Amino acid sequence: MFSIETFIRPHLLSLKPYSSARDEFEGEASVYLDANENNLGSLAGGTDYNRYPDPYQKTIKEKLSKLKGVKPEQIFIGNGSDEAIDLLVRLVCEPGRDEVLLLPPTYGMYEVSANIHNIGIQRVPLDEHFQPVFEKITAEQTEQTKILFLCSPNNPTGNILEPATVEKLITSFNGLVVVDEAYIDFTQSPSWSTRLEEFPNLVVLQTLSKAWGMAGLRLGMAFGSPEIIGYLNKIKPPYNINAVTQELVSAALDKTAQLHDMLAVIKNERDRLVEAFAAFPLIEKVFPSDANFVLVQVPNANALYGYLLERGVVVRNRSTQPGCANCLRITIGTPAENDHLLEALQTYAAQAT
Ligand code: PMP
C-alpha cells in the first residue's frame, strides 16, 4: 500500500509551516491590527488591496471543486502549475541523491526544476508515435527515482499518452506519478483527476493559462490525495496567489458557457490548420493534436522559422528536442491570425519552388 510519508523528505515531515496572521485568526473583526498592513488604504485603489489575500484560496477551490468534481481538500493552487511542479520536486526529492524520470520530448520545466534543486534526471524517450514505452520506463526506475512526469496531452507533440500505458505506469511506479494536463480542455479524453481515489500516488496538474485564457494571472492546480495536498500547502509560500488573481479568477470561473464557445473556435481552427498543413507541399508531417497547438515537421525548420518571423509571425522552433528534428510548434491563433500564417506559408512555398 502506497504511503506518501515514505516519499516526503524526512525533514519536511516534521516541518512547522509558517503561520500567517490569516492562519491564526480566521474570524471577523472590526479592526485588524494583526498583519502589519497599511490600514489607511492602498495606492493601487480597489477596496481590499491593502490586505493580504486568502492563503488557501477557499472561494476558488470551492468553484474548482464543482467544476472538476474533486474535493476542495484534494486541490492545491499554485502560482501557475510551474509552481506546483517546483514544490512537488522539493517535497519528495533529496538534492544530490534523488532523481526524476522524464519522457522526452516533453515540457521543459520538469528538467529545470530538477536542475535548480540538484536532482538527477533519468530520461526514457517516447517512441516514434510519442508514446511511453512501459518496459523501458520500469527498467529505468531505481530506489532514487521519486517522480515520474507524464504530460498528456504532451507538449510539444500535442498527443494524448495512451491511457492503458499511463494506468500501468501509475499502478507499477513506486513513487509519485505526476500527470500534467495543461492542455486537457482541448481533448475529449477524460482527466486522470477523476481517478484520484484509485491511485494514491497520482498527482494531476492543470492550469488556467491555456483554455481559460488567464496565463497572465498565474494560476495552476495540483489535484491529489488530501495528504499530498496537505504537504504542498505546508511548504508553499504563504500568500502565493495574489488578491487580483483570486478576484478575477473567481469571476471567470463562472463563465463556463464562454469557455466552451472559445474552445469550439480553437478546436475548429485546429482542424482547419491541420487540414491546410496536411495539404501543404512544404510540410512533411503534421502530428495529430489534442492541444491548442500543432507540431509540424518541415525540410528546414530554421529557414521557415526565419521566414515567418520576417512576416511578423513567431512560432516555436522545437528542433533541438529529441525526436523533433526540423519541427515547429505552432499555437492556434485567432481565425485572422491563422489566415495570416497560411498566407505566409503560401508565399514561402512559392518562393522556395
Ligand atoms: N505544463 C505544460 C505542459 C505546459 O505547456 C505549461 C506552459 N507552457 C505549463 C505546465 C505551465 O503552465 P502555467 O502557466 O500554469 O505555469
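Scoring rules and cut-offs
The numbering scheme is per chain: residues are counted from 1 as the chain's sequence reads. Confidence filtering applies because this is a predicted model: local features only for residues at pLDDT of at least 70, side-chain atom pairs given and counted only at 80 or more, and all residues used for totals across whole chains, interfaces and linings. In this text, helices come from DSSP runs of H or I with a minimum length of four residues, and strands from runs of E with a minimum of two, each type numbered from the N-terminal end. Just to be clear, the radius of gyration here is over C-alpha atoms, and the globule rule we use is 2.2 Å times residues to the power 0.38. Put simply, a residue is buried when 20 or more other C-beta atoms lie within 10 Å of its own C-beta and exposed when 12 or fewer do; between those, it is partly exposed, and each C-beta is set from the backbone. Once C-beta atoms have been placed from the backbone, residue pairs whose C-beta atoms lie within 7 Å are recorded as contacts. Using the backbone to place each C-beta atom, any residue with that atom within 6 Å of a molecule or strand is considered near it. Under the scheme applied here, ten amino acids are nonpolar (Ala, Val, Leu, Ile, Met, Phe, Trp, Tyr, Cys and Pro), four are charged (Asp, Glu, Lys and Arg), and all others, including Gly, are polar. Bear in mind that the domain bounds are from an automatic or database domain assignment. UniProt positions are given in the numbering used here, feature names are shortened, and annotations may be inferred rather than shown by experiment. Strands pair, by our definition, only if DSSP identifies at least two bridges between them. By convention, a crossover is right-handed whenever its connection, traced from the first strand over the helix to the second and viewed with the strands pointing away, goes clockwise. With axes taken as lines fitted to C-alpha atoms, and helix axes fitted only over the stretch in contact, angles between N-to-C directions fall between 0 and 180 degrees. Working definition: roughly parallel below 35 degrees, roughly antiparallel above 145 degrees, roughly perpendicular at 65 to 115 degrees, and oblique for all remaining angles. Crossings are assigned a handedness: left-handed for a near helix turned anticlockwise from the far helix by less than a right angle, right-handed for a clockwise turn. In this description, a nonpolar core means buried residues of the types Ala, Val, Leu, Ile, Met, Phe, Trp, Tyr and Cys, linked to one another by C-beta atoms lying within 7 Å.

(A) Just the overall build of the protein, in detail. Helices and strands together make up the secondary structure of the protein, namely 12 helices and 11 strands. Here the protein has a C-alpha radius of gyration of 22 Å; the compact-globule value for 353 residues is 20 Å, and the two agree. Per-residue burial for the protein yields a buried fraction of 38% across its 353 residues. Nonlocal contacts in the protein, meaning residues at least 24 apart in sequence, comprise 68% of its contacts between residues at least 6 apart.

(B) Representation of the site of the ligand within the structure. Neighbouring residues of the ligand: Gly80, Ser81, Asp82, Tyr107, Cys151, Asn155, Asp180, Ala182, Thr207, Ser209, Ala215 and Gly220. Looking at the shell around the ligand residue by residue, the class counts come to four nonpolar, six polar and two charged.

(C) Expanded view of the domain arrangement of the protein. On domain assignment, one finds that the protein holds domain 1 (4-19 + 55-254), domain 2 (21-52) and domain 3 (257-352). Centre-to-centre separation of domain 1 and domain 2, based on C-alpha positions: 32 Å. Residue-level contacts link four residues of domain 1 with six residues of domain 2. By residue class, the composition of the side of domain 1 that touches domain 2 is three nonpolar, one polar and no charged.

(D) Local environment of the UniProt feature "modified residue: N6-(pyridoxal phosphate)lysine" (unreviewed entry) in the protein. Annotation from UniProt places "modified residue: N6-(pyridoxal phosphate)lysine" (unreviewed entry) at Lys210. Here Lys210 is in contact with Ala182, Tyr183, Asp185 and Asn292, once residues within four sequence places are set aside.

(E) Molecular detail of the pairing of strand β3 (residues 120-123). In this structure, strand β2 (residues 99-102) lies alongside β3, joined through four bridges in parallel fashion. Along β3, the bridge assignment pairs Val100 with Ile121. Between β2 and its parallel partner β3, the chain crosses via helix α5 (residues 109-116), and the hand of that crossover is right-handed.

(F) Layout of the UniProt feature "domain: Aminotransferase class I/classII large" (unreviewed entry) in the protein. Residues annotated by UniProt as "domain: Aminotransferase class I/classII large" (unreviewed entry) correspond here to residues 44-345. Between the end C-alpha atoms of residues 44-345 the distance is 45 Å, and the span holds 37% helix and 16% strand.

(G) Examining the sheet that holds strand β10 (residues 316-317) more closely. Strand order in the open sheet formed by four strands is β8-β9-β11-β10, and the pairing between neighbours is antiparallel. Each edge of the open sheet carries a strand with a single partner, namely β8 (285-286) and β10. Of the pairings in the sheet, the one linking strand β9 (residues 293-297) to strand β11 (residues 327-331) comprises five bridges and is antiparallel in character. Bridge pairing links Leu295 to Arg329 in β11. On the sheet, helix α10 (residues 256-278) packs against β8 and β9 and is oriented at approximately 10° with respect to β9.

(H) Quick peek at the packing of helix α3 (residues 58-68) against helix α9 (residues 243-252). For the pair α3 and α9, interaxial distance at closest approach is 9 Å and the crossing angle is 25°. Here α9 runs roughly parallel to α3, going by the angle between their axes. Seen from above, α3 lies across α9 with left-handed handedness. Touching Thr59, Ile60 and Lys63 of α3 are Gln246, Val249 and Ser250, all from α9.

(I) Representation of the nonpolar core in the model. The biggest cluster of nonpolar side chains holds 85 residues, and the ones touching the most others in it are Leu88, Val100, Ile147, Leu150, Val177, Val178 and Val203. Structurally, this core is a two-domain feature, drawing no fewer than three residues from each of domain 1 (4-19 + 55-254) and domain 3 (257-352).

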